[in-house]
Structure formats: structure tokens, C-alpha cells
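Observations on chain architecture
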Amino acid sequence: MLGAIDRDRYAVIPVGITREGAFVLEDDEPAKFPLDAEHLPEVVDNGSRVRWPEPGGDRTLRVVRADGSVEDLGEIDVVLPILHGPHGEDGTIQGYFDTLEVPYAGGGVLDSALCMDKHFMKIALQAAGLAVAPWVTVRRRQWDADAAAVRASAAELGLPLFVKPARAGSSVGVSKVEALDELDAAIAIAFAEDEKVLIETGVSGREIEVAILETADGTRASLPGEIVLTARGFYDFEGKYLGGDGVDVVCPAEVSHEELAAIQDAGVRAFDAVDGRGLARVDMFLTPDGGLVVNELNTMPGFTPISMFPKCWVASGLSYGDLISELIEAGLRR
């Protein structure tokens, strides 16, 4: 993304966040942050500290260098928070920028928090009349107190099952369970990521994804894409971000005119159901009988060249660079 931003329109100041939570001034070098199986990028603490503007003051972003000197970097117009996981897409950083009165692109506090928690996301979608996969939610205390009751509830859902951390993204900690004797191990994997876990019925159908974008002319839905699994149990982290074998990302998906209209309508309705802002990728299943079951919304979807969100918009006639401009302009309009 760093390399695709229109530098004729925007002056870019890259800010990284270390694993310890320090905001550091990063190098403006797109090649430094590739995402592939051989190189998972990490922000290294270089000794600098970015100082965000205070509410009610000027909009100047500053950096304290490792030697203690302070430098003004310029006034902020908008932040583009390309972050995944806890504190990045769960409403935390969004609330921080709201407190600082700094405009930002993408989801807000409410939709980010709702969609990060799969339990409450499902409740919001159901309330809007959208179909979701049957599920049970398990807290760690419930599992520790009465694992047998949890196993019984899971068995009633039927096989296969998917076990997921409620508040983790990118398919981290997700397991497919095809026999009930696999359930305990899957729950342990999910609990390693979160204190709350969802056990869902596996839905039979085509895996369809549609990209949603908030534009000056209203909410738009892209042409849908399809995840085709050729030799992988499900669309996991490696398939999503690292181009792993066994999965094809097809966009646009081959669907009828009626199916296209229904998919785009469901995507926009799902976006509205969570009070969506900026963008989202809506994942759903197109069942053999023509029904649609919404799986989840991602308020900050992957932006790698192999990711579905940019692929869907490119297929819909919007270039990668123009897509980024749309996100930035949506943040500025707020």
C-alpha cells in the first residue's frame, strides 16, 4: 500500500507501532515491508517516538529523535490506520484518534468493535434479518466448569464445526472439526488466542466475498470474488496473506445476475447493520439452494496484492491507487 499511494496528491509520513506499543517514525520505503512466507515484516524500535497532536491544539505531528531532538513533521490531514488484530481493528486505535480529534480513514469505534467480536457481530446481523451460521459461544469459565455441557451443545450443531476465537482476525486460532474427538484440541487452540470462543456449524456452499466502500456518492458494493479451496481445509492465514498453495482467489466470481444483485444487497445490508464506516469486506456463503449466509465482516481487510478486497475493486474498475485515494477522501469528508 505504501508504494501505491498517489504521491502527487498526498505527502506520506509512515508511522510504525512496535510490539511494545511505541509509535516510531518509519522509513518511507515500501520494499521494507513485504508480506510473504519468507519475510514477515516487523516494526523495530529505532529510538524515535512520534508525538501526536493534543486535542484542541494545532495539528502538527512531531517526532522525538533518539538523540532527544524534536522535529516538526507537518500538520496531519488524515490517518490511514492499516492495522490488523487487537488494538488495530477493534475500535481501540479509532477511539484514540477520536480523543485526539485526528481524522482517520476506515471503520469507527462501534463497527470496528462489533466486527472484531464475532459473537456480537452475529447478533447485529441477525437483528437486521441476515442469515448467519448457527453457533454457540463459550467462555473459558464455562469450559472449565462444565466441558461436557459444551461438548453436548457442540454436538447438537452437527459436523463439521469451526472453532474460532471470538476476537482474533486473519483466521488465527481457527480450526475445522470433522469429528467430535477433535473438539477439545480445537477449543484449546482457540482459547490460546481469546477468553471467548465460538463454535459454529460448517456451512455448505461457495465462499463469496464482496468489498464495500463508503464513497461521496453513497455506499458501493464491488463485484464479488470467490475463494476456491483446491487442497486446503479452509481459508487460513497462509492462504489469505502468504499465497499458500491450495487456494485460488477468483474475482469476479461466476454468478448469475440475480445472485450478483443479492450478494451486493446482502453486503450493503450487513455494512449498515454494524453501522459501517469507510470500508469492509463481507464474507458469505452462497448455498446450493441459492441462499446467502453471512460469515463475517472485516473492517480493515487485507491490502496485499493477493488480497480479495483490492482484487474485487480492481475487477470493478477501480485501480489500487484510486482505491486508497477513496479511503483517504472518505476520512477527510468526516
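For clarity, every value in this text was computed on a predicted model and none was experimentally measured. Sequence order sets the numbering: in each chain, residues are counted from 1 along the sequence as written. Local features in this predicted model are restricted to residues whose pLDDT is 70 or higher, and side-chain atom pairs enter the listing and the counts only when it is 80 or higher, whereas totals over whole chains, interfaces and linings include all residues. The side-chain values count all of the structure's non-hydrogen atoms but skip hydrogen atoms and water molecules.

Some points on the domain arrangement of the chain
- Segmentation of the chain into domains returns domain 1 (1-76), domain 2 (112-132 + 204-333) and domain 3 (135-201).
- Residue ranges assigned to the domains are those given by an automatic or database domain assignment. On a C-alpha basis, the centroid separation for the pair domain 2 and domain 3 is 24 Å.

Here's the deal with empty space enclosed by the protein
- Cavity means a closed set of points on a 1 Å grid over the protein atoms alone, one where a 1.4 Å probe fits but cannot get out, pocket means an open set with protein on both sides within 12 Å along at least 5 of 7 lines, and lining means a residue has an atom within 4 Å of a point. Grid points are joined across faces, edges and corners, and a volume is the space filled by probe spheres set on the points. One pass over the full model with this rule turns up two cavities of 30 Å³ or more.
- Here the second largest cavity defines a volume of roughly 40 Å³.
- The wall of the second largest cavity is formed by Pro81, Gly88, Glu89, Gln94, Gly106, Gly107, Ser112, Thr299 and Met300.
- Residues are sorted three ways: Asp, Glu, Lys and Arg are charged, Ala, Val, Leu, Ile, Met, Phe, Trp, Tyr, Cys and Pro are nonpolar, and all the rest, Gly among them, are polar. Residue composition of the lining of the second largest cavity, grouped by class: two nonpolar, six polar and one charged.

With respect to helix H3 (residues 118-127)
- For the exposure calls, accessible area comes from a 1.4 Å probe over protein chains only, and a residue counts as buried if that area is under 20% of its type's maximum, exposed if over 50%, partly exposed in between. Helix and strand assignments come from DSSP, with helices taken as H or I runs of at least 4 residues and strands as E runs of at least 2, each series counted from the N terminus. Residues Lys118, His119, Met121, Lys122, Ala124 and Leu125 constitute the buried set of H3.
- Should any heavy atoms of two residues lie within 4.5 Å, those residues are considered in contact. Looking at the buried residues of H3, the elements they touch are helix H2 (109-116), strand S6 (135-139), strand S7 (161-165), strand S9 (196-201), helix H8 (257-273) and strand S15 (292-298).
- Looking at where H3 begins, the residue whose side-chain oxygen comes 3.1 Å from the main-chain nitrogen of His119 is Asp117.
- Positive phi appears at Gly129, one or two residues downstream of H3, with a value of about 85°. Pairs of N or O atoms within 3.5 Å make up the polar contacts considered here, provided that, within protein, one atom can donate a hydrogen while the other can accept it, and that residues adjacent in sequence are counted only when both atoms are side-chain atoms.

Overview of the side chain of Ser325
- Structurally, Ser325 can be placed in helix H10 (residues 320-333).
- Contact partners of Ser325, with chain neighbours within four places excluded, come to Asp6, Arg9 and Tyr10.

Considering the packing of aromatic side chains
- Stacked, tilted and edge-to-face are the three classes applied to pairs of Phe, Tyr and Trp rings, where Trp contributes its six-membered ring and a pair requires centres within 6.5 Å; stacked means planes under 30 degrees apart, edge-to-face means over 60, and tilted covers the rest. One pass over the full model with this rule turns up six aromatic pairs.
- For the ring pair Trp52 and Phe97, a centre distance of 5.1 Å and an interplane angle of 70° mean the geometry is edge-to-face. Residue Trp52 is located in the loop between strand S3 (49-51) and strand S4 (60-64), and its partner Phe97 is located in helix H1 (residues 92-100); the two are separated by 45 residues in the primary sequence. Phe97 shares its class with Trp52; the two are buried.
- Ring centres of Phe303 and Phe309 lie 5.4 Å apart, and the angle between their planes is 55°; this geometry places the pair in the tilted category. As far as burial versus exposure is concerned, Phe303 and Phe309 are alike and both buried.
- By way of ring pairs, the aromatic residues Phe23, Trp52, Tyr96, Phe97 and Tyr104 are connected into one cluster.
- Directly above the aromatic system of Tyr104 lies the positively charged group of Arg334, at a separation of 5.9 Å from the ring centroid. Placement of a positive charge over a ring is assigned whenever Lys NZ or Arg CZ falls within 6 Å of the ring centre and within 35 degrees of the normal to the ring plane.

Some words on the sheet that holds strand S8 (residues 175-177)
- Strand pairing is assigned whenever DSSP detects at least two bridges linking the two strands. Read across the sheet, four strands follow the order S6-S9-S7-S8 without closing on themselves; strand pairing throughout is antiparallel. Whereas interior strands pair on both sides, the edge strands pair on one side only; in this sheet they are S6 and S8. Pairwise comparison of adjacent strand axes, ignoring direction, gives a mean angle of 25° for this sheet.
- Note: S7 against S9, five bridges, orientation antiparallel. Across the sheet, the residue bridging to Leu161 is Thr201, located in S9.
- Simply put, an axis is a line fit to the C-alpha atoms, just over the touching stretch for a helix, and the angle between two N-to-C directions goes from 0 to 180 degrees. Relative to S9, helix H5 (residues 147-157) is tilted by about 30°, and along the sheet it contacts S6, S7 and S9.
- Most of the contacts of helix H6 (residues 183-191) go to S7, to which it runs at about 25°, and overall it touches S6, S7, S8 and S9.

Points about the pattern of salt bridges
- The term salt bridge refers to a side-chain nitrogen of Lys or Arg lying within 4 Å of a carboxyl oxygen of Asp or Glu. Considering all chains together, one arrives at 18 salt bridges under this definition.
- In this structure, the salt-bridge partner of Arg281 is Glu209, at a minimum N-O distance of 3.2 Å. Residue Arg281 is found in strand S14 (residues 279-286), and its partner Glu209 is found in strand S10 (residues 206-215); the two are separated by 72 residues along the sequence.
- Given the relative accessible area of 7%, Arg281 is considered buried.
- One salt bridge in this structure joins Asp265 and Arg269, with 4.0 Å as the shortest N-O distance. Residue Asp265 and its partner Arg269 are both found in helix H8; the two are separated by four residues, about one turn of the helix.
- With a relative accessible area of 34%, Arg269 lands in the partly exposed category.
- One connected set of salt bridges, linked through shared partners, spans Asp58, Arg62 and Asp72.

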